[in-house]
Amino acid sequence: MPTPDRRRQVARARAEFLTSGAVADAAVEDAILTSWRRSRFAGVDIGTPHVPYGDALDLRSRLVRCATPVIKRLHDRLAGIPVSIVLTDERGRLLQREDSERRLTRIFDGVYFAPGFCYAEAHVGTNGVGTALEEGRPVFVSGPEHFNERSIAFACAGAPIRNPLTRRIEGLIDLSCLAEDAHPMMRVLVQEAALDIERLLLDDGSERQRVVLEAFLSVSRRSTGAVLSVCGDVVMANQRASALLTPTDEALLRAMATELPADTPDTPLGMSLAEGSWAQVRCHPVVHGSAQAGTVFELRLQEPHPRPRPAQRSVPVTLPGAAGQSPAWVDASADAREAAARRLPLLVSGEAGVGKTTLVRGVHLSAHSTGRFVLVDCDAAVPWSPADLGLRGPAPLQTVVLRHLDRIDPRHVLQLDALVDDLLAQRPAPWVVATAASLGDVPEHLLRRFDSTVTVAPLRHRIEDLEQIVPALLEQLAPGRGSACSEDAMNTLARKAWTGNVTELRTVLAAALRRRPVGVVRREDLPPTSSTTSRRALSPIESLERDAIVAALVDTDGNRKSAAAKLGMSRSSLYRKLHAFGIDPSDAAQR
Ligand SMILES: Nc1ncnc2c1ncn2[C@@H]1O[C@H](COP(=O)(O)OP(=O)(O)OP(=O)(O)O)[C@@H](O)[C@H]1O
């Protein structure tokens with residue numbers, strides 16, 4: 001336990017840090033100093049921080065089931081020692097607390113260290129729960145090592161609990177007491193307890209996982225396609241599946257695994273992959289005993305035609321202000337509507353200008369609610385306080401869109417995380433949606449906040465949507481003028497690559513309307529644009545190929561020989577394709 005001298009030294013270091021932001025060498029452990037910096041950065045209140053509360057606790061989870069006997073044993077072992085045992089979820093929200101003394105019940109309830117309250121570092125600053133989760137390892141925080149004043153009276157040791165197979169953090173076990181009662185053994189005890197819980201998690205899952213593994217291996221052996229299995233949190237993929245599927249596809253398959261009934265007929269379903277291609281999916285539910293243990297998926301890339309559609313999506317979903325009837329758009333609309341109905345935080349991905357915000361606004365409007373729709377641009381939003389962002393007000397919030405999540409400044413991640421907590425803790429909670437052009441650029445920390453994802457396909461991969469989008473845009477740009485596009489103008493538009501998607505289309509139509517403010521827009525009214533105008537509308541697979549060629553030319557500064565080598569094709573094939581797809585290499589190189 002820290003001696004009084006050591007305690008004074010830490011208290012001095014804390015005061016120095018709070019005034020100057022610096023600390024003398026070795027005055028506190030590195031982990032504590034790093035956590036103080038994070039806490040300050042997140043704008044945590046140094047006096048009495050706001051501890052968010054949410055009452056939707058999952059107390060029947062596997063984590064709670066496996067932790068309960070361990071907590072009980074520890075409670076018996078610690079009888080007579082003034083300490084509380086706490087279990088939290090992976091975000092630091094308390095699920096259970098067992099106090100060895102009644103005195104502690106009153107004290108800990110008084111500082112909101114109780115089930116439902118969230119002790120993430122971004123809210124309360126350095127503490128045994130939030131800091132151990134941030135660090136991903138056991139941490140002991142005592143007295144003035146805490147960031148906020150109110151916690152200085154306490155000491156807590158926290159150890160993350162990891163999924164034994166994926167090693168992802170599932171929760172945390174913590175021992176907390178008054179600072180004067182702290183003992184170094186607390187750190188050892190929580191580490192032991194975390195390991196015990198992990199062992200039980202392994203036992204609990206291993207039988208189910210063994211059965212699913214066997215099914216996965218058996219399908220992989222006989223299949224020449226991509227094979228992926230889902231068993232709870234554990235996903236296994238063969239080499240082909242790893243190469244073919246993006247995290248978004250994987251998330252979709254995980255969702256399918258939970259939704260498909262065990263008696264799903266063995267008929268293949270169609271699935272639009274995040275990269276825009278189309279796959280035929282066979283689902284093999286794996287049953288163990290009387291319950292479904294998991295699902296094995298077998299995927300084959302499809303030629304573009306015919307596109308089989310899942311039966312349940314045969315009725316098009318139309319959303320106000322969001323035009324489009326292509327299967328990819330209809331699927332995305334239906335998925336987004338479902339997420340809204342279940343109030344699941346949703347991440348909508350897709351290239352810039354594809355209509356991500358339009359889709360979400362359409363879902364919002366289709367609910368006919370009087371609640372507010374608020375857009376927060378993560379690229380620009382500073383400061384992050386709810387009032388400044390327009391999130392406070394008399395009318396209830398219905399939908400909050402965190403636009404361009406992939407462009408957030410890394411220094412603002414914790415503030416945004418705290419904002420999401422604040423939104424989700426409201427009653428009723430708004431539907432929280434984020435949009436991003438590149439999922440790979442969304443900080444991992446934030447990615448985990450979103451339970452479901454929807455991908456909006458690029459316009460060139462659902463070019464048939466022009467039929468509805470062009471009239472909708474003409475009406476937006478020239479309301480009431482009854483403008484339309486001639487057939488030859490539509491044919492020209494259908495042959496363009498639309499790398500800037502609907503935003504680019506809107507600009508082109510705006511220019512055409514300047515030339516022909518009323519009546520029918522003809523081909524000659526369209527501005528000359530884009531190096532990639534092909535002679536005919538391309539199929540989805542062809543447009544993927546064209547994208548790959550343009551990307552290779554961009555990477556090689558327009559050098560055809562290097563681009564052909566990069567694409568693994570002969571130079572003559574590349575020349576043929578440049579011609580067929582109408583690609584001008586020098587123009588592509590200037591992008
Ligand atoms: N399906 C659609 N129907 C009608 N208009 C659309 C559609 N999709 C996009 N638009 C129009 O295209 C423009 C860009 O759409 P939107 O802002 O929704 O795209 P985004 O993907 O959210 O863009 P960014 O990536 O820049 O955030 C807007 O003017 C919008 O009105």
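Residues numbered from 1 in each chain as written. Predicted model: local features only at pLDDT ≥ 70, side-chain atom pairs only at ≥ 80, totals over all residues. Heavy atoms only, no water.

Under an unreviewed UniProt entry, the name given to the protein is Fis family transcriptional regulator, and the organism recorded is Pseudonocardia sulfidoxydans NBRC 16205.

1. Overview of the sheet that holds strand S4 (residues 154-162)
Consider a sheet: its strands pair through backbone hydrogen bonds, and that pairing is either parallel or antiparallel. What counts here: Criterion used throughout: strands pair if DSSP finds at least two bridges between them. In this text, helices come from DSSP runs of H or I with a minimum length of four residues, and strands from runs of E with a minimum of two, each type numbered from the N-terminal end. Axis angles are defined between N-to-C directions and span 0 to 180 degrees, where every axis is a line fitted to C-alpha atoms and, for a helix, only to the segment in contact. Throughout, a residue-residue contact means that at least one pair of heavy atoms, one from each residue, lies within 4.5 Å.
Spatial ordering of the open sheet is given by S2-S1-S5-S4-S3, a layout of five strands whose pairing is antiparallel. Pairing within the sheet leaves two strands with one partner each, and these edge strands are strand S2 (94-99) and strand S3 (139-142). On average, each strand axis in the sheet is inclined to that of its neighbour by 15 degrees, with strand direction left out of account. Sheet topology places S3 next to S4; four bridges connect them, and they run antiparallel. When the bridges of S4 are listed, Phe140 appears paired with Ala157. In the packing of helix H7 (residues 185-222) onto the sheet, contacts are made with S3, S4 and strand S5 (169-178), and the angle to S4 comes to roughly 25 degrees.

2. A closer look at the packing of aromatic side chains
The geometry of an aromatic ring pair comes down to the distance between the two centres and the angle between the two planes. Heads up, the rule is: Side-chain rings of Phe, Tyr and Trp (the six-membered ring for Trp) are treated as a pair once their centres are within 6.5 Å; stacked means planes under 30 degrees apart, edge-to-face means over 60, and tilted covers the remaining angles. When accessible area is computed with a 1.4 Å probe and restricted to protein chains, residues below 20% of their type maximum are described as buried, those above 50% as exposed, and intermediate ones as partly exposed. In our convention, an over-ring charge means Lys NZ or Arg CZ found within 6 Å of a ring centre and within 35 degrees of that ring's normal.
In this structure the tally under the stated criterion is six aromatic pairs. A ring pair is formed by Phe108 and Phe113, whose centres lie 5.4 Å apart and whose planes are at 55 degrees; its orientation type is tilted. When sorted by exposure, Phe108 lands in the same class as Phe113, which is buried. Aromatic rings pair up to connect Phe108, Phe113, Tyr119 and Phe154 into one cluster. Sitting over the ring of Phe17, Arg40 keeps its end group 5.1 Å from the ring centre.

3. A word on the pairing of S5
Most of S5 is tucked away: nine of the 10 residues are buried. Looking at chain direction, strand S1 (residues 84-89) and S5 are connected through six bridges and run antiparallel. Paired with Thr88 across the bridge in S5 is Leu172. Bridging between S4 and S5 involves nine bridges; their strand directions are antiparallel. Considered in S5, the bridge of Phe154 is made with Leu178. Between S4 and the antiparallel strand that follows it, S5, lie six residues; Arg167 among them carries a positive phi value of about 65 degrees.

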